[in-house]
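Survey of secondary and tertiary structure
Each chain, letter by letter, is given below.
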Amino acid sequence: MFNPDESFRPSFSYKNSDQAILRFPFPFPQDKYMYLVNLEPHVKGGPTAAYDATFDVDEHYIAECADRALTLIADPKRCQVLPHMMAAQWDTLELIMESFAADYPEHFTLIREGDAWTWINRPLNIEQHFTFGDPATLPYAPFEYITRQAQGDFTIHDQRDNDLWMDGGMVTAQADWSLDFDLGMSFMEWHGPVPKAHELGVFDRALKFLLRLQVDAPVRRVNWTMTVNPRLDTSPEAYPVWGPDRTTITAENVAEKLHLRVELQTLFRLPRSNGILFGIRCYLISLADLARVEKWRKRLHRVLRDLDPAVIEYKGLTRTRPAALLYLAQFDDGAPIPPGTAPDQTALL
Amino acid sequence: MTQSAKIPVRVSHIEPLNASLRRITLEPADGRLFPASAAGAHIQLELIGEARIWRNAYSLVSPPGSRTAYTIIVRKVPQGRGGSLFLHERLAVGQTLNMSPPVNLFPIARLARKHLMLAAGIGVTPFLAYRTDLAETPFELHLRCRATDQAAFETLLANWPQYHIHTTPDLHVSDLLRRQPLGTHLYLCGPAGFMQSAETAARALGWPEARIHQEHFGGPAGGHPFTAILARSGRTIHVAQDQTLLEAIEAANIDAPSLCRGGACGECRLTLLAGSPDHRDHFLTESEHATSIMPCVSRSHSETITIDI
C-alpha cells in the first residue's frame, strides 16, 4: 500500500496510483475562485476518501516522513516550539497518536497504562515506550517526535489577548512560507502578505471563529497553489533550489511537471493547553493525472483562466499559468459542470 | 459555530464537603475517555427536572489532564434557579447525565511572571485545578469566604504550599495589587460585586487589560417575567422569572448555541430587533448593546422583546 521508495527531489519518482488520484481533495466547488471563510466541521467523510480520517494517511506516508527527516537534517529550524508550549506539545502527541490508532489499527497501536505509554508505528518500524508528560523519555520533544511520523505540516498556536500566536511548528512541506520568520507572530501578522482577503474581512471573521473553536469539534478548509515538480519543500529557505523550476515549464512538459498543490487544513482545539493545532496536509497531483477526471480538468481550466491578477501573482503562477491554460483548454467544451469537488466518476479516463 | 457533541456521563461519587457544598465525580458512560481536563476549564451539565431542564456550567476541579473522571464542586443556592438544588437534592450515584465537552475561558497565562489569584467563596473552584500547572512561576492565592466554609476550603487547599484565607474584611485589594511585580497576571473569580471592585481597583492602578482575567459564574439570577418574540421562528415565548431567555428558547425546542452561559463568551449572541433589553453580559460593547443581546444572562425591561432567531 505504501510507495516507500518514491522521491520528492530530483529524479522525482513521486507518483499517484489510480486510487490516489480518485481520492485527491480537489479544491474548487465552483468555476470561479475567491477567498472566503470556507471553514466546515472536520467530520469523517467528504467528497473523496482523503476526508475519511482525522489525519489522513495515504500511500505516500513512508516517503513523506523520509523527506521530512532529510529536510530537518539540512535545516533543523524547520521545527521550532517556544518554551511555553509544552502542554500543547503533549496535546498534539496525544491527539495524533489516538487518531492514528483509531483510524488505522492495522498500522498504529497505542497502549496506555496510566502515564506509561507504548506507541507502535508499523510502517516506520517503531516501538516506543515512554512516560506521558516526561519529555526525557522520548528521543525528541513530544511535538517533534509525533510530527516526524505524520504527513503534512503542523503549527501550534497559543491563545491569549484575544488573538492566536504561532508559537511552534513543524514545517517542511510548505507553499513558500517560513516558520522561522513567522514564529511568534499574531494571526494578522502571519496573514499579512495575503492579498484581497484582508479587505474582504475574511481574517477578522476567521479569527473570531477560531478563538471560540471547541474541543472535539475540529474544522477544516482547503487551500491551493501550483508547484513545478512534485516537491514537498518549497520553502523560502530553499528558494534557490526550487525557484528556478518555474522557468522550465514548456508546452511539452507542463502536463507531467506542473502539479496542483492542495492543502487540506484542519484546526483542533487542544484541551490541556487551550491552544490550537493547525494541520496543513499537502497533496500533489500532476496536470496529466488530474486530466483523468473530466470534471476536475474542466474546472481547473476555468478557475485558472478567470483568476484575479493579484492572486496569480501571490500564488507565484505568473510564469506557469499560460502553459497550464493551453494544456487544459483542449478538454474544456464550456458546458456546465455540477458544483462540488467530488470526481463524479468511479474509474479514471 | 460548530458545536461539540454531548458526552454521556455517569455520577460515580457524591461527597458532602459541608452543609452547603458537595463534590460530584463524573465518569464517561460510553466507555471512552474524556477530553483532557485543563486548569480553568468548565463543562455544561444538562439537568432534567420534572418541570424543566437546566443547563448549568461548572468549573472542573480535577487535576489537569484527567481523562477518566471529572470532578466539580457545587454550592447549594436555595434562592437560585434550581440547578444547584437539583444537584444537591435529586442527584444520585449511578445516574446518567449529558455533558458538553470542556471549554476554557479562564486558562492560565503561560507567559505570566507571577499569578495573583483572587477568589471569593465558591469562586475558588477554578483555581483548585490551577495548582499543578503553576509550576515554577511564583503565585499568590487569596480566598475570601464565610467562616462556616473555612474548614472545607482549607481541606481543598491542603496540597497548596501556601494560600491566604480571609474570613474578615482584611483583604485590601488595592494594596495587594500595588505591590505586585511587573508581569503579574490577575485572576478573579467570585460574585459580581467582588469581581467588579477588584477589576476597578486594578484598572485604577493602570493594569493592562490583557493582564486581568475573569471567570464569571452564577450570573443569571432571575428577574421580571417577559415575553420574547422569536422573529425568524415565528414563535412567541414566555420567559419565567426563574428562567433565562436562553433557557426559554431551548424549552421551545429551538436550537440555540451556547458555551459559558454566564455572559462571558459571546457564543449565544443574538440580533435584537425591538424592545428595551436589560443587558447583563460581560462581552458586548456599549455600541453592540444597541443591536445585540446575550440571552444566557440578559433579560428585558419592556414586557416584550423581539429577537432574530
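Residues numbered from 1 in each chain as written. Chains lettered and ligands numbered in written order. Predicted model: local features only at pLDDT ≥ 70, side-chain atom pairs only at ≥ 80, totals over all residues. Heavy atoms only, no water.

1. Some words on the overall build of chain A
The helix and strand tally for chain A stands at 13 helices and 10 strands. Since a compact globule built from 349 residues should have a radius of gyration of about 20 Å, the 20 Å found for chain A is in line with a globular shape. Projecting the C-alpha coordinates of chain A onto the three principal axes gives extents of approximately 60 × 45 × 40 Å. For chain A, with 349 residues in total, the buried portion stands at 62%. Intrachain contacts of chain A at a sequence separation of at least 6 include 71% that bridge at least 24 residues. When the accessible surface of chain A is split by element, carbon and sulfur atoms take 55% of a total near 13900 Å². Looking at chain A, you have 35 positive and 48 negative side-chain charges, and the mean spots of the two groups are 5 Å apart. (Helix = DSSP H or I, 4+ residues; strand = E, 2+ residues; numbered from the N terminus. Rg over C-alpha atoms; globule rule 2.2 N^0.38 Å. Buried < 20%, exposed > 50% of the residue type's maximum accessible area, 1.4 Å probe, protein only. Contact = heavy atoms within 4.5 Å. Areas by Shrake-Rupley, 256 points an atom, 1.4 Å probe, with all protein chains shown as cover. Lys, Arg positive; Asp, Glu negative; His and termini not counted. Charge placed at Lys NZ, Arg CZ, Asp CG, Glu CD.)

2. A closer look at the side chain of Q345(A)
Residue and element names in this part refer to chain A. Looking at where Q345 falls in the secondary structure, it is placed in the segment after helix 13 (321-329). Judged by its relative accessible area of 18%, Q345 falls in the buried class. From its side chain, Q345 meets the backbone nitrogen of E294 in a polar contact 3.2 Å long. A polar side-chain atom of Q345 sits 3.0 Å from the main-chain carbonyl oxygen of A347. Those residues in contact with Q345 that sit more than four places away from it in its chain are L22, R292, V293 and E294. (Polar contact = N/O pair within 3.5 Å; in protein donor to acceptor, adjacent residues only side chain to side chain.)

3. With respect to the sheet that holds strand 7 (residues 114-120) of chain B
All names here are of chain B. Taking strand neighbours across the sheet as the criterion, the 5 strands line up as 9-8-7-10-11 in an open arrangement whose pairing is parallel. Every interior strand has two partners, whereas the edge strands, strand 9 (164-166) and strand 11 (212-215), have only one. Neighbour-to-neighbour, the strand axes of this sheet turn through a mean angle of 15°, independent of strand direction. (Pairing = 2+ DSSP bridges. Axes fitted to C-alpha atoms, helices over the stretch in contact; angles between N-to-C directions.)

4. Quick notes on helix 13 of chain A
For helix 13 of chain A, the set of buried residues is R321(A), A323(A), A324(A), L325(A), Y327(A) and L328(A). Where helix 13 of chain A is buried, its residues contact helix 9 (254-257), strand 9 (258-269), helix 10 (287-290), helix 11 (294-305) and helix 12 (309-314) of chain A.

5. Examining the interface of chain B and chain A
Between chain B and chain A, the contact holds 23 residues from the first and 21 residues from the second. Buried area between chain B and chain A, summed over both chains or domains, comes out near 2000 Å², and the portion from carbon and sulfur atoms is 53%. Summed over the shared surface of chain B and chain A, the number is 3 salt bridges. Put simply, E267(B) and R212(A) hold a salt bridge, and the shortest N to O gap is 2.7 Å. Where chain B meets chain A, there are 5 residue pairs in polar contact (both at pLDDT 80 or more). Among the elements that make up the side of chain B that touches chain A, the one with the highest residue count is strand 6 (residues 96-104) of chain B (3 residues). Classifying every residue of the side of chain B that touches chain A gives 13 nonpolar, 6 polar and 4 charged. (Buried area = accessible area lost by both parts, 1.4 Å probe. Salt bridge = Lys/Arg side-chain N within 4 Å of Asp/Glu carboxyl O. Nonpolar A, V, L, I, M, F, W, Y, C, P; charged D, E, K, R; others polar.)

6. Considering the nonpolar core
All names here are of chain A. W224, M226, L260, L300, L304, L307 and Y327 are the most contacted members of the largest nonpolar core, which totals 63 residues. The element that contributes the greatest number of residues to this core is helix 7 (residues 202-211), accounting for 6 residues. Not counting the four nearest positions on each side in its chain, Y327 is found in contact with V254, A255, L287, A288 and A291. Counting residues in each nonpolar core, the second largest holds 35 residues, with I62, F100, F132 and A150 among its members. (Core = buried A, V, L, I, M, F, W, Y, C linked by side-chain atoms within 4.5 Å.)

7. Here's the deal with the packing of aromatic side chains
Residues and elements named next belong to chain A. Enumeration over the complete set of coordinates arrives at 32 aromatic pairs over all chains. With 6.3 Å between their ring centres and 85° between their planes, F24 and Y283 make a pair best called edge-to-face. Of this pair, F24 sits in the loop between helix 1 (18-22) and strand 1 (40-41) while Y283 sits in strand 10 (residues 276-286), placing them 259 residues apart in sequence. On the basis of relative accessibility, which here comes to 6%, the residue Y283 falls in the buried class. Centroid distance W90 to F132: 4.9 Å. Interplanar angle 55°. Geometry classified as tilted. Here W90 is found in helix 3 (residues 86-103), whereas its partner F132 is found in the loop between strand 5 (126-131) and helix 4 (142-147), with 42 residues between them in sequence. (Phe/Tyr/Trp six-rings, centres within 6.5 Å; stacked < 30°, edge-to-face > 60°.)

8. Side note on the domain arrangement of chain B
Residue and element names in this part refer to chain B. Under the domain assignment used here, chain B contains domain 1 (7-99), domain 2 (114-215) and domain 3 (226-308). Distance between the C-alpha centres of domain 1 and domain 2: 24 Å. Domain 1 puts 15 residues into the contact, and the matching count from domain 2 is 15 residues. When domain 1 packs against domain 2, close to 1200 Å² is buried across both sides, 60% of that on carbon and sulfur atoms. Counting across the interface, domain 1 meets domain 2 through 1 salt bridge. Here D149 makes a salt bridge to R75, at a shortest N to O gap of 2.4 Å. Secondary-structure elements contributing two or more residues to the side of domain 1 that touches domain 2 are strand 2 (21-28) and strand 5 (70-75). (Domains from an automatic or database assignment.)

9. Focus: the pairing of strand 10 (residues 184-189) of chain B
Residue and element names in this part refer to chain B. The buried fraction of strand 10 is high, at 6 of 6 residues. Side chains of strand 10 alternate between two faces, with T184, L186 and L188 and H185, Y187 and C189 buried alike. One ladder, built from 6 bridges, connects strand 7 with strand 10; its direction is parallel. Following the sheet pairing, L116 is matched in strand 10 by L186. Alignment of strand 10 against strand 11, held across 4 bridges, turns out to be parallel. The residue bridging L188 from the neighbouring strand is Q214, located in strand 11. Crossover strand 10 to strand 11 through helix 5 (residues 192-204) is right-handed. (Right-handed = clockwise from strand over helix to strand, strands pointing away.)

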